[in-house]
Protein chains: 2
Amino acid sequence: MADRNSPIGVFDSGVGGLTVAREIMRQMPDERIVYFGDTARVPYGSKSCSTVIRFTRQIIRFLLTQDVKAIVIACNTATACALEAVEKEVEIPIVGVIHAGARTAVDSTKNGKIGIIGTEGTIRSGVYTRVMKEMREDIDVTGKPCPLLVPLVEEGLLHDSVTDEIASRYLSELKGKYIDTLVLGCTHYPLLRSTVGRLMGPEVTLVNPAYETALELKQILEGKDLLCGQESNDVEKYHFYVSDLAEKFTSFAASILPGQVKETKQINIEEY
Amino acid sequence: MADRNSPIGVFDSGVGGLTVAREIMRQMPDERIVYFGDTARVPYGSKSCSTVIRFTRQIIRFLLTQDVKAIVIACNTATACALEAVEKEVEIPIVGVIHAGARTAVDSTKNGKIGIIGTEGTIRSGVYTRVMKEMREDIDVTGKPCPLLVPLVEEGLLHDSVTDEIASRYLSELKGKYIDTLVLGCTHYPLLRSTVGRLMGPEVTLVNPAYETALELKQILEGKDLLCGQESNDVEKYHFYVSDLAEKFTSFAASILPGQVKETKQINIEEY
């Protein structure tokens, strides 16, 4: 039975969710984390919602075997497709990466024009628009899918003329909409923050849902008296599981969380 | 029980194998084809061989339920990782995309220097080098992984300055090796044939394993008296199955095989 000293479960289609895990580590340094990256089936962004929901259910079943006290869907596509379906099925708190980022964007915009960049799955779902319009009806939201940014980030081309060119093409449409706030609606994009910021200019506020999600999780755990009471005695506070033991996970994880990823275990997620 | 009028099973991690299916349709227009694209778990190229072998076994089990008379692994990564493991397990002929292309490259080179481009999985496996060295010991093989070319092709950037720039970076290493023959070791790459040809120059022969594989398959079927005896009475000669019903498959398939992909059915490949 999960209690306040149980770990937080965090999952993503692959490595991107590590930017969310990093924010949880920063804001709640005493908490234990079990991270799962679905590296055998990555990416989710170009797949249909019914498939993403099926994958999400399997991962939640796995995380529950690890006695997690809360679950973070650290993936915009999975949040967009599956959060609504699965939150009714789980008894512990479950948080996606969309709601907190949407709230911050709505609070931050002055002219009511907000842009969202994300994968095809996230943008096609229209979830950011729906959530933000529920918060403030007259908000004007423009979504732009940026499918090539994830592979470019995963190839390490964070500061590269090709990434600049591709990002510039994607963002040019948003520049014409006079947005004053842009949500980085994919967990990989915080790694392109400087590129996106330079292309959009200083008058556009960038919202990083990873940061806002960690904050929301902290408030929920506090409200339910589930914040970790003491520093963990566990030798390893952070445990990492993947569905495919590709080298890419380890090398990418090492760049996002230097020194924190000591061991990565492979599980067969299709069995859950 | 499969006989000469049974279909040929062709599979790939996604859409790339359609370039192989297209060659089979051209060279053996009477044959029926059952195509499976593992669009729920695409791509394979960045995943580990043990995972790719597991996926391949599931797909073969599915294709056998369709009474196929032969199987084509129309994916370089799956051929590199899994062909050797699965060919002993299957009683019908099973053909990969590597052997025939390797044979043509070895026959075509004059200076004995051959280049291979492919995914990380294909190049890391070293299978092209091994196969070609078995054919001719003194051959000099240079492999170069080109991970961004698949997403660029799938985004439709076939003739684009960004694709030129990325391809040029990947190929510059091969240009320094004075190769006279280059194998397009990924089923997506025939779609970039003109770009690669222009960058490598007219003195380099490009080998398209899709073409060579269809030829090899035809010879095997002939040898086993399994070539289709008559034009199929089936209303639909070609059947397409995917593990995820993403729009991308349909639109991409329509561009590679105009008019041939009338319906695409989704199956849950994890159940096989």
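Please read these numbers as outputs of a predicted model, since none were measured by experiment.

> Which residues make up the domain arrangement of chain A, and what are the values?
Residue and element names in this part refer to chain A. If you check the domain split of chain A, you get domain 1 (8-97 + 211-271) and domain 2 (99-208). Computed over C-alpha atoms, the centres of domain 1 and domain 2 are 22 Å apart. Every contact between the two is made by 25 residues of domain 1 and, on the other side, 24 residues of domain 2. Both sides together, the interface formed by domain 1 and domain 2 hides about 1,800 Å², and carbon and sulfur atoms give 52% of it.

> Before we move on, can you summarise the packing of aromatic side chains with the specific residues and values?
Counting across every chain of the model gives 12 aromatic pairs over all chains. Ring plane angle 40 degrees and centroid distance 6.2 Å describe the contact between Tyr 35 of chain B and Phe 249 of chain B, whose orientation is recorded as tilted. Within this pair, whereas Tyr 35 of chain B is found in strand E2 (residues 33-37), its partner Phe 249 of chain B is found in helix H11 (residues 247-256), the two being separated by 214 residues in sequence. Looking at Phe 249 of chain B, the relative accessible area reads 2%, which means it is buried. The rings of Phe 36, Phe 62, Tyr 241 and Tyr 272 of chain A are connected pair by pair, giving a single aromatic cluster. The residue whose ring lies beneath Arg 41 of chain A is Phe 55 of chain A, and the NZ or CZ to ring-centre distance is 3.7 Å.

> Got a sec to walk through the interface of chain A and chain B? Specific residues and values, please.
How big an interface is tends to be stated in terms of accessible area lost as the parts join. Taken together, the 36 residues of chain A in the interface contact 36 residues of chain B. The interface formed by chain A and chain B contains six salt bridges. Across the pair Arg 41 of chain B and Glu 270 of chain A runs a salt bridge whose closest N-O atoms are separated by 2.8 Å. A per-class count over the side of chain A that touches chain B returns 13 nonpolar, 10 polar and 13 charged.

> Tell me what's going on with the layout of surface pockets, and back it up with residues and numbers.
The volume enclosed by the largest pocket comes to roughly 340 Å³. Taken together, 17 residues line the largest pocket, and the ones lying closest to its centre are Leu 83, Glu 84, Glu 87, His 99 and Val 131 of chain A. When residues of the lining of the largest pocket are traced back to their parent elements, those giving at least two are helix H3 (76-87), strand E4 (94-96), helix H6 (127-135) and helix H10 (209-223) of chain A. Top contributing element to the lining of the largest pocket by residue count: H3 of chain A, with six residues. Per-domain counts for the lining of the largest pocket show at least three residues from each of domain 1 (8-97 + 211-271) and domain 2 (99-208) of chain A. A volume near 270 Å³ is recorded for the second largest pocket. In this structure, the second largest pocket is lined by 15 residues; those nearest its centre are Thr 79, Leu 83, Glu 87, His 99 and Val 131 of chain B. Sorting the residues of the lining of the second largest pocket by element identifies helix H3 (76-87), strand E4 (94-96), helix H6 (127-135) and helix H10 (209-223) of chain B as the ones contributing at least two each.

> Give me the pattern of salt bridges: which residues, what numbers.
Applying the stated rule across the entire model yields 31 salt bridges over all chains. A salt bridge links Glu 173 of chain A to Lys 144 of chain A, with the nearest nitrogen and oxygen atoms 3.0 Å apart. Highlighted residues: Glu 173 of chain A in helix H8 (residues 161-175) and Lys 144 of chain A in strand E6 (residues 140-145), separated in sequence by 29 residues. Ionic contacts of the salt-bridge type, sharing partners, join the residues Asp 38, Arg 41 and Arg 54 of chain A together with Glu 270 of chain B into one network.

> Let's hear about the side chain of Glu 270 of chain A: which residues, and what values?
Relative to the assigned elements, Glu 270 of chain A resides in the segment after strand E10 (264-266). Looking at Glu 270 of chain A, the relative accessible area reads 16%, which means it is buried. A polar contact of 2.8 Å, which involves the side chain of Glu 270 of chain A, links it to the side chain of Arg 41 of chain B. In this structure, Glu 270 of chain A is in contact with Arg 41 and Gln 58 of chain A together with Arg 41, Arg 54, Phe 55, Gln 58 and Glu 270 of chain B, ignoring residues within four places of it in sequence.

> Mind laying out the packing of helix H2 (residues 49-65) of chain B against H3 of chain B, listing which residues take part and the relevant values?
All names here are of chain B. As a packed pair, H2 and H3 sit with axes 9 Å apart at the nearest point and diverge in direction by 70 degrees. One element, H2, and the other, H3, form an angle in the roughly perpendicular class. Our pair here, H2 against H3, has a crossing hand that is right-handed. The segment H2 lies against H3, with Cys 49, Val 52, Ile 53, Thr 56, Arg 57 and Ile 60 engaging Thr 77, Ala 78, Cys 81, Ala 82, Ala 85 and Val 86. Classifying every residue of the contact of H2 with H3 gives nine nonpolar, two polar and one charged.

> I'd like to hear about the UniProt feature "binding site: substrate" (unreviewed entry) in chain A, residue by residue, with values.
All names here are of chain A. According to UniProt, the feature "binding site: substrate" (unreviewed entry) maps to Asp 12, Ser 13, Tyr 44, Gly 45, Asn 76, Thr 77, Thr 187 and His 188 in the numbering used here. A compact arrangement is adopted by the annotated residues: their sequence extent is 177 residues, whereas the largest C-alpha distance between any two is 12.7 Å. Once residues lying within four places of it in the same chain are set aside, the contact partners of Ser 13 are Gly 37, Asp 38, Thr 39, Val 42, Tyr 44 and Cys 75. Here Asp 12 takes part through its side chain, which lies 3.5 Å from a polar atom of the side chain of Ser 13. Residue position: Thr 77 is located in helix H3. According to the relative accessible area criterion, Thr 77 is buried, its value standing at 3%. Filtering out sequence-adjacent residues up to four positions away, Thr 77 remains in contact with Tyr 44, Gly 45, Val 52, Thr 119, Gly 121 and Thr 122.

> So what's going on with the sheet that holds strand E7 (residues 181-184) of chain A? Which residues, and what values?
Residues and elements named next belong to chain A. In spatial order, the strands read E6-E5-E7-E8; together these four strands make up an open sheet with parallel pairing. The sheet is open, and its two edges are formed by E6 and strand E8 (205-207), each paired on a single side. Within the sheet, the average angular offset between the axes of one strand and its neighbour, ignoring direction, is 20 degrees. Both strand E5 (residues 113-118) and E7 contribute to a ladder of four bridges, which runs parallel. Directly across from Ile 117, in E7, lies its bridge partner Leu 184. Strand contacts of helix H9 (residues 193-200): E5, E7 and E8, with the helix running at about 160 degrees to E7, the strand carrying the most contacts.

Calculation criteria
Residues numbered from 1 in each chain as written. Chains lettered and ligands numbered in written order. Predicted model: local features only at pLDDT ≥ 70, side-chain atom pairs only at ≥ 80, totals over all residues. Heavy atoms only, no water. Domains from an automatic or database assignment. Contact = heavy atoms within 4.5 Å. Buried area = accessible area lost by both parts, 1.4 Å probe. Phe/Tyr/Trp six-rings, centres within 6.5 Å; stacked < 30°, edge-to-face > 60°. Helix = DSSP H or I, 4+ residues; strand = E, 2+ residues; numbered from the N terminus. Buried < 20%, exposed > 50% of the residue type's maximum accessible area, 1.4 Å probe, protein only. Lys NZ or Arg CZ within 6 Å of the ring centre and 35° of its normal. Salt bridge = Lys/Arg side-chain N within 4 Å of Asp/Glu carboxyl O. Nonpolar A, V, L, I, M, F, W, Y, C, P; charged D, E, K, R; others polar. 1 Å grid on protein atoms, 1.4 Å probe; cavity = no way out; pocket = protein on both sides within 12 Å on 5 of 7 lines; lining within 4 Å. Points joined across faces, edges and corners; volume = space filled by probe spheres on them. Polar contact = N/O pair within 3.5 Å; in protein donor to acceptor, adjacent residues only side chain to side chain. Axes fitted to C-alpha atoms, helices over the stretch in contact; angles between N-to-C directions. Parallel < 35°, antiparallel > 145°, perpendicular 65-115°, else oblique. Left-handed = near helix turned anticlockwise from the far one by under 90°. UniProt positions renumbered as here; feature names shortened; annotations may be inferred. Pairing = 2+ DSSP bridges.

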